[in-house]
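Listed below are the residues making up each chain.
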Amino acid sequence: MVKDTIILKNETGLHARPAGELAKLAASFQSTIKLNVNGKTIDAKSILGIMAAGIKYNTEIEIECDGEDEEKALSEIIKGFENNFGEEQK
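Let me begin by describing the structure that accompanies this report. (Residues numbered from 1 in each chain as written. Predicted model: local features only at pLDDT ≥ 70, side-chain atom pairs only at ≥ 80, totals over all residues. Heavy atoms only, no water.)

**Concerning a nonpolar patch on the surface**
Reasoning step 1: A cluster of nonpolar side chains, I47, L48 and M51, forms an exposed patch at the surface whose accessible area comes to about 280 Å².
Reasoning step 2: Among the structural elements, I47 can be located in helix 2 (residues 47–52).
Reasoning step 3: On the basis of relative accessible area, I47 is assigned to the partly exposed category, the value being 34%. (Patch = residues over 30% accessible without salt bridge, like charges linked within 9 Å, V, L, I, M, F, W, Y side chains within 5 Å. Areas by Shrake-Rupley, 256 points an atom, 1.4 Å probe, with all protein chains shown as cover. Salt bridge = Lys/Arg side-chain N within 4 Å of Asp/Glu carboxyl O. Helix = DSSP H or I, 4+ residues; strand = E, 2+ residues; numbered from the N terminus. Buried < 20%, exposed > 50% of the residue type's maximum accessible area, 1.4 Å probe, protein only.)

Here is the structure:
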């Protein structure tokens, strides 16, 4: 298992479009991928789970990957967060 912590820098939070991009990216890996945020554990492959968590700007998120491609999964998901899942920022 590998994990890392990031701070969400997407000013609009993880609303539908970035949540969908995150879930799609997570689903491309065989590893189990979880987000630990505000005392909750969320399946990163579930767009509804991500949206229901209401993750807002500047929130600390721990990303936890477990499985045969865990290192690559963690690296790619961190890149996604760093790129705000393709959203323009002001």
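**Some details on the sheet that holds strand 1 (residues 2–7)**
Reasoning step 1: Read across the open sheet, the four strands follow the order 1-4-2-3; overall the sheet is antiparallel. Each having just a single partner strand, strand 1 and strand 3 (40–43) make up the two edges of the open sheet. Direction aside, the axes of adjacent strands within the sheet are offset by 25° on average.
Reasoning step 2: Of the strand pairs in this sheet, strand 1 and strand 4 (residues 60–66) are connected by six bridges, and their pairing is antiparallel. Across the sheet, residue D4 finds its bridge partner in strand 4, namely I63.
Reasoning step 3: Packing of helix 3 (residues 70–82) onto the sheet brings it into contact with strand 1, strand 2 (32–37) and strand 4, and relative to strand 4 it is tilted by some 155°. (Pairing = 2+ DSSP bridges. Axes fitted to C-alpha atoms, helices over the stretch in contact; angles between N-to-C directions. Contact = heavy atoms within 4.5 Å.)

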